[in-house]
Amino acid sequence: MFTEQGPTVRELAVQALSSIERGYDLLAPKFDHTPYRTPDRVLDAVTDEVRRLGPFGTGLDVCCGTGAGVGVLRRLCRERVVGVDFSAGMLAEARAALQPEGGAPAGQGPAAEAPAGERPAAEGQAAEGTAAEGPAVDWVRADARSLPFAPAFDLALSFGAFGHFLPAERFGLFAEVHGSLRPGGQFVFPIGAPPPVGSRAYWTLLGFDAAMRVRNALWRPQFVMYYRTFRLGDVLEDLTRAGFAVRLTPLAELGRRPDGSPRARLVVATRE
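Note that the coordinates shown come from a computational prediction; the quantities given were computed from them, not determined experimentally.

Here's the deal with helix H7 (residues 200–218)
For an α-helix the count is 3.6 residues per turn, leaving residues at separations of three or four pointing the same way. Given a rise of 1.5 Å per residue, 19 residues ought to cover 27 Å, and the 27 Å separating the end C-alpha atoms of H7 matches this to within 8%. Among the residues of H7, Tyr-202, Asp-209, Met-212, Arg-215 and Asn-216 are the ones counted as buried. Looking straight down H7, one finds that the buried residues subtend no more than 165° of arc, so they occupy a single side. Opposite the buried face of H7, by more than 90 degrees, sit the exposed residues Arg-200, Trp-203, Ala-217 and Leu-218.

Take a look at the structure:
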């Protein structure tokens, strides 16, 4: 699971006893060498499926981390892509990893801080990095629960971040994304089928969530990370409440379970 370039047990322990923001700042230099990074096969499957929904001009990666989703958006959007995250360390790694063809890393300055109390239109912010080909890329440091954008994006996506939000925060998060999309804009993300009850994966996730709840009951600051709180039925309900029209499509490239159901689906939520 972890490579030799990944974090040590001690580094993981320090991260686990930190806040979410501080923990990811510490983990950022080695994050892409951990199993927490979204696998390329998932990124590719989402890219292929979302391409059918386009074309798109502008894209937003919500909780972009080290920029895997920005890479997807650069393949789908013509004009401009924005990655937003509240970890300065993760944004620094994302920026460093974005290399224009034959050039230096795009965007040498720090990620733009979201102005308090403002919601600037995405078109109004200066592009921080433009690759030799493809859309301009910006990095913005902000909390996804208070996105600093007017309705300016055609497409928003997110990978692997929803476990960091408590169920009570989910509707507010979706409402923020809704407010950042143009009418007709789409919010997409993959969601995996739950593991069969009694399987090894089932007990692993159950045990992880239980350990995290004990940790958060005994230690401050809290580190919110749960695998079993993002249930499809609840997610669809919150998206609908936030103003989206929602549909599901199988991610066929990721295969099917023994009962014939897809291993993962793409949630496509459209701002009406």
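Now that the structure has been shown, the text picks up again.
Here's the deal with the nonpolar core
Among the nonpolar cores identified, the biggest contains 30 residues, and Leu-60, Phe-174, Phe-187, Leu-239 and Phe-244 are the most heavily contacted of them. Elements supplying a minimum of two residues to this core: strand E1 (56–62), strand E2 (77–85), strand E6 (153–157), helix H6 (167–180), strand E7 (181–192), helix H8 (232–241) and strand E9 (264–271). Tallying contributions element by element places E7 first for this core, with four residues. Once you skip the residues sitting within four places of it in the chain, Phe-174 turns out to touch Phe-162, Phe-187, Phe-230, Val-235, Asp-238, Leu-239, Ala-242 and Phe-244. Core analysis: the second largest hydrophobic core is formed by 28 residues, Ala-45, Val-70, Leu-76 and Cys-77 among them.

Here we look at the pairing of E7
Where E6 lies against E7, four bridges are found, and the strand directions are parallel. Bridging across to E7, Ala-156 finds its partner in Phe-187. After leaving E6, the chain enters H6 and then returns to the sheet as E7, a path that is right-handed. Pairing geometry for E7 and E9, over seven bridges, is antiparallel. Within the sheet, the bridge partner assigned to Gly-192 lies in E9 and is Ala-264.

Remarks on the pattern of salt bridges
For the structure shown, the criterion picks out 11 salt bridges. Salt-bridge contacts for Asp-40 lead to Arg-37; the nearest nitrogen and oxygen are separated by 3.0 Å. Among the residues examined, Arg-37 registers a relative accessible area of 24% and is labelled partly exposed. Among the salt bridges present, the one from Arg-80 reaches Asp-138, with a minimum N-O distance of 2.1 Å. With a gap of 58 residues between them, Arg-80 in strand E2 and Asp-138 in strand E5 (residues 136–141) connect regions that are remote in the sequence. Residue class for Asp-138 comes out buried when judged on its relative accessible area of 1%. Within this structure, Asp-143, Arg-145 and Glu-169 form a network of salt bridges that share partners.

Structural notes on the side chain of Thr-249
Relative to the assigned elements, Thr-249 resides in strand E8 (residues 244–250). Since its relative accessible area comes to 13%, Thr-249 is described here as buried. Excluding anything up to four places from it in sequence, Thr-249 contacts Glu-49, Arg-265, Leu-266 and Val-268.

A look at the environment of Phe-244
Assignment of secondary structure puts Phe-244 in strand E8. On the accessibility criterion, Phe-244 (3% relative accessible area) is buried. Considered as a pair, Phe-244 and Gln-186 are 58 residues apart in the sequence and their alpha carbons are 8.7 Å apart. Once you skip the residues sitting within four places of it in the chain, Phe-244 turns out to touch Phe-174, Val-177, His-178, Leu-181, Phe-187, Leu-239, Ala-269, Thr-270 and Arg-271.

So, the environment of Gly-69
With respect to the element layout, Gly-69 can be found in helix H4 (residues 68–76). Counting along the chain gives 89 residues from Gly-69 to Ser-158, while the straight-line C-alpha distance between them is 6.7 Å.

Some remarks on the confidence of the model for the protein chain
Averaged over every residue, the pLDDT of the protein chain is 84; residues scoring 70 or more account for 83%. pLDDT under 50 marks residues 101–109. Its contacts with residues more than four places away, or in other chains, come to 18 contacts. Predicted confidence is poor over residues 115–131, with pLDDT under 50, and the contacts of this stretch with residues over four places away or in other chains come to 45 contacts.

Side note on the packing of helix H3 (residues 40–51) against H4
Look at H3 against H4: their axes get within 10 Å of each other, and the N-to-C directions meet at 30°. By the angle class used here, H3 and H4 are roughly parallel. As H3 runs across H4, the sense of the crossing is right-handed. Here Leu-43, Asp-44, Thr-47, Val-50 and Arg-51 of H3 come into contact with H4, specifically with Ala-68, Val-72, Arg-75 and Leu-76. Partitioned by chemical class, the residues of the contact of H3 with H4 number five nonpolar, one polar and three charged.

Cut-off values and rules
Residue numbers run consecutively from 1 along every chain, following the written order of its sequence. Predicted model: local features are reported for residues with pLDDT of at least 70 only, side-chain atom pairs are reported and counted for 80 or more only, and whole-chain, interface and lining totals are derived from all residues. No hydrogens and no water enter the side-chain calculation; it runs on all heavy atoms of the structure. A run of DSSP states H or I qualifies as a helix once it reaches four residues; a run of E qualifies as a strand once it reaches two. Both are numbered from the N-terminal end. By definition here, a helix of n residues has an expected span of 1.5 Å times n minus one. Only protein chains enter the calculation, and the probe is 1.4 Å; a residue is then buried if its accessible area is under 20% of its type maximum, exposed if over 50%, and partly exposed in between. Within this analysis, the arc is defined by the directions that extend from the helix axis to the C-beta atoms. Only buried residues count toward a nonpolar core. Its members are Ala, Val, Leu, Ile, Met, Phe, Trp, Tyr and Cys residues joined through side-chain atoms within 4.5 Å. Should any heavy atoms of two residues lie within 4.5 Å, those residues are counted as being in contact. DSSP bridges decide pairing: two strands pair if at least two such bridges lie between them. By the criterion used throughout, a crossover qualifies as right-handed when its path from the first strand across the helix to the second strand runs clockwise, the strands pointing away from the viewer. Whenever a carboxyl oxygen of Asp or Glu lies within 4 Å of a side-chain nitrogen of Lys or Arg, that contact is scored as a salt bridge. pLDDT is defined as a per-residue confidence score from the predictor, taking values between 0 and 100. What counts as an axis is a line fitted to C-alpha atoms, over the stretch in contact for a helix, and the angles between N-to-C directions run from 0 to 180 degrees. For classification purposes, angles smaller than 35 degrees are called roughly parallel, those larger than 145 roughly antiparallel, those between 65 and 115 roughly perpendicular, and all remaining angles oblique. It is the rotation of the near helix from the far one that decides the hand of a crossing: anticlockwise by less than a right angle makes it left-handed, clockwise makes it right-handed. Gly falls in the polar group here, along with every residue not listed as nonpolar (Ala, Val, Leu, Ile, Met, Phe, Trp, Tyr, Cys, Pro) or charged (Asp, Glu, Lys, Arg).

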